[in-house]
Amino acid sequence: MADPTGFLKHERQEPKKKSYEERLSSWGEVYADVAPDERNEQVRTQASRCMDCGIPFCHSGGSGCPLGNLIPEWNDLVRRGDWAAASDRLHATNNFPEFTGKLCPAPCEAGCVLSISPLSGGPVAIKRVEETIAAQSWEAGYVQPQPAEVSSGRKVAVVGSGPAGLAAAQQLTRAGHEVTVFERDDRLGGLLRYGIPEFKMEKKVLDRRLAQLRKEGTKFVTGCEVGVDLTVEDLRAQYDAVVLAVGALRGRDDRTTPGRSLHGIHLAMEHLVPANKFVEGDGPSPVDANGKHVVIIGGGDTGADSYGTATRQGALSVTQLDQYPTPPQTRDDERSPWPTWPYILRTYPAHEEAGERKFAVAVKRFVDDGDGHVKAVELQEVRVRKDPETGRREVIPVTEEVETLPADLVLLAIGFEGVEEMPLLEGLDLTLTRRGTLSCGADWQTETPGVFVCGDAHRGASLVVWAIAEGRSVAAAVDTFLTGDSDLPAPVHPTALPLAVV
């Protein structure tokens, strides 16, 4: 196993980024290009920081990776330079490690034993190791199509081509079923395509993996909204099972703030989707930050994505607002003890490039320019509390003072409310839960026989690693439904939740 004193010999190091000027002048990924040999040697050193832990919490489904990635194993294989074996162990649990290596916030690192104390120098750079294994796998030709040797004669429809749908489709295709993925957009990938900006993951990474799925036998149909372009009756008649991986794309809005109806105020996805289409070559975006003062409401991942997109579009200024106080720089052991996901200040590469963030503030009103367009926002300092009687979250102003910020474009990145209303659900006689999701039994099957659900549609907006884990698990359930048994792995149960302090 790995050197148990490696973390004492080597510091944690992040990959080098491009200069701010270079990042803001292109849509490419923010990290600098490094020769493969140099990159691999750097990562071998980082992998050597992995200890021979008695209990590796990093690949625990509750406190670390829900996929059950065999992290200590492939860390040691990388340390020894056995990239082929590391690729085998990584792909044994993860269909798309390049997606998670680039996009996952790495709960595995939060669960690393070296995260217990900052004196350790920080957790093992698991995410960096994972991404490098994936990159080396493609460069060395380790990734090859794995078509099924025997056909089951059964047909499965997967609705949605995000990470959950793609994982389910690949697993079921490899199990011998005839799988067709339906996507209502003009291109495949779901949020991987149109929600994630190019500077976080270049779409050639997605296209490369889609090519593998096609060679394995998975079929794809784009520009098809199931329930409209393909009726539910035809769907059920043509396929033996249906997997719903439709995501949770209904954006949360706030219509109570005065001035919300002004022009120039949009949900964040109304900004991100056309921006990604622009990068794909589809022409100018109708929601462009060029030459504008941009205010982003919401402090999470989607807000950071809009932040980096706005700066690359040429915004005059970008300000991101968060209702909560500035998080601490280090873990608060009472609020989020190891190995739970720590509540700390998270700075994305986009925040380093330009603009600013404001904490503990909320918009009092949006200011009209006299022609029905927003020109500014009025801010107040606030605190957030939970009503002791109702349990509801309340945002309370703590001062009467108002700060005015110029704002020609306002983007609401305040979360998602669940699955969008669609004819498909009505046709399948499915109703949404109070959380806006689709429920299922222990076998991932909805209340409609033969119809399964996975990913954000089941869990609510979550992490890419959970989407892939649910896609793999639902594939095992569908395989069992169709054949009576399955050898496919099922890393998570439908009721699985990450470890948290309640």
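Residues numbered from 1 in each chain as written. Predicted model: local features only at pLDDT ≥ 70, side-chain atom pairs only at ≥ 80, totals over all residues. Heavy atoms only, no water.

Caption draft 1: Just the state of the cysteines, in detail. Scanning the model with the defined rule gives zero disulfides in all. Cys53 carries a free sulfur, and the closest cysteine sulfur to it, the one in Cys50, is 6.1 Å from it. Given a relative accessible area of 23%, Cys53 falls into the partly exposed group. Considering cysteine sulfurs only, Cys454 is the nearest to Cys440, which forms no disulfide, with 9.3 Å between them. (Disulfide = S-S within 2.5 Å. Buried < 20%, exposed > 50% of the residue type's maximum accessible area, 1.4 Å probe, protein only.)

Caption draft 2: Examining the pattern of salt bridges more closely. All chains considered together, the criterion is met by 33 salt bridges. Here Glu352 ties to Lys17 by a salt bridge, and the two come within 3.9 Å at their closest N and O atoms. Placement of the pair is Glu352 in helix α15 (residues 349-353) and Lys17 in the loop between α1 (6-9) and α2 (20-24), with a sequence separation of 335 residues. Residues Glu353 and Arg23 are paired through a salt bridge, measuring 3.0 Å at the closest nitrogen-oxygen approach. Of this pair, Glu353 sits in helix α15 while Arg23 sits in helix α2, placing them 330 residues apart in sequence. (Salt bridge = Lys/Arg side-chain N within 4 Å of Asp/Glu carboxyl O. Helix = DSSP H or I, 4+ residues; strand = E, 2+ residues; numbered from the N terminus.)

Caption draft 3: Representation of the pairing of strand β1 (residues 155-159). Within β1, four of the five residues are buried, leaving the element largely enclosed by the surrounding structure. Across five bridges, β1 lies against strand β2 (residues 178-183) in parallel orientation. Across the sheet, Val156 pairs through a bridge with Val179, a residue of β2. With helix α9 (residues 163-174) bridging β1 and the parallel β2, this β-α-β connection has right-handed handedness. Two strands pair when backbone bridges link them, and β1 and strand β4 (residues 241-244) are joined in this way by four bridges, in the parallel orientation. Residue pairing across strands places Ala157 opposite Val242, the latter belonging to β4. (Pairing = 2+ DSSP bridges. Right-handed = clockwise from strand over helix to strand, strands pointing away.)

Caption draft 4: Looking closely at the packing of aromatic side chains. Applying the stated criterion across every chain, the model contains four aromatic pairs. Ring centres of Phe182 and Tyr239 lie 5.9 Å apart, and the angle between their planes is 90 degrees; on these two criteria the pair is classed as edge-to-face. Pair noted here: Phe182 is in strand β2 and Tyr239 is in the loop between α12 (232-238) and β4, with a separation of 57 residues, a long-range link. No difference in accessibility class separates Phe182 from Tyr239, as the two residues are buried. The residue whose ring lies beneath Lys155 is Tyr239, and the NZ or CZ to ring-centre distance is 5.3 Å. (Phe/Tyr/Trp six-rings, centres within 6.5 Å; stacked < 30°, edge-to-face > 60°. Lys NZ or Arg CZ within 6 Å of the ring centre and 35° of its normal.)

Caption draft 5: Examining the sheet that holds β2 more closely. Ordered by their spatial adjacency, five strands build an open sheet running β3-β2-β1-β4-β14, and the pairing between neighbours is parallel. Strand pairing shows two members of the sheet lacking a second neighbour, β3 (219-222) and β14 (451-453), which therefore form its edges. On average, adjacent strands in this sheet sit at an angle of 20 degrees to one another, irrespective of strand direction. The strands touched by α9 are β1, β2, β3 and β4; relative to β2, the strand with the most contacts, the crossing angle is about 165 degrees. (Axes fitted to C-alpha atoms, helices over the stretch in contact; angles between N-to-C directions. Contact = heavy atoms within 4.5 Å.)

Caption draft 6: Local environment of the side chain of Glu98. With respect to the secondary-structure elements, Glu98 resides in helix α6 (residues 97-103). The exposure class assigned to Glu98 is buried, which follows from its relative accessible area of 2%. Here the side chain of Glu98 touches Trp138 through a polar contact of 3.3 Å, side chain to side chain. Ignoring anything within four residues of it in the chain, the contact list for Glu98 reads Ala134, Trp138, Val205, Arg208 and Arg209. (Polar contact = N/O pair within 3.5 Å; in protein donor to acceptor, adjacent residues only side chain to side chain.)

Caption draft 7: View of helix α11 (residues 203-216). Taking 1.5 Å per residue as the helical rise, α11 with its 14 residues ought to reach 20 Å, and the 20 Å between its terminal C-alpha atoms agrees with that figure. All of the buried residues in α11 are Lys203, Val205, Leu206, Arg209, Leu210, Gln212, Leu213 and Glu216. (Expected span 1.5 Å × (residues − 1).)

Caption draft 8: Geometry of the sheet that holds strand β5 (residues 265-267). Taken together, five strands build an open sheet; the order of strands is β5-β13-β6-β7-β8 and the sheet is parallel. At either margin of the open sheet sits one strand with a lone partner, and together these are β5 and β8 (356-359). Adjacent strand axes in the sheet meet at a mean angle of 20 degrees, parallel and antiparallel pairs treated alike. Here strand β6 (residues 293-297) runs beside strand β7 (residues 317-322); their pairing, made up of five bridges, is parallel. Looking across to β7, one finds that Ile296 is bridged to Gln320. Sheet contacts for helix α13 (residues 268-280): β5 and β13 (409-412); angle to β5, the most-contacted strand, approximately 75 degrees.

Caption draft 9: Representation of the UniProt feature "domain: Dihydroprymidine dehydrogenase" (unreviewed entry) in the chain within the structure. As annotated in UniProt, the feature "domain: Dihydroprymidine dehydrogenase" (unreviewed entry) corresponds to residues 32-140 in the numbering used here. Its end C-alpha atoms 21 Å apart, residues 32-140 is made of 50% helix and 0% strand. (UniProt positions renumbered as here; feature names shortened; annotations may be inferred.)

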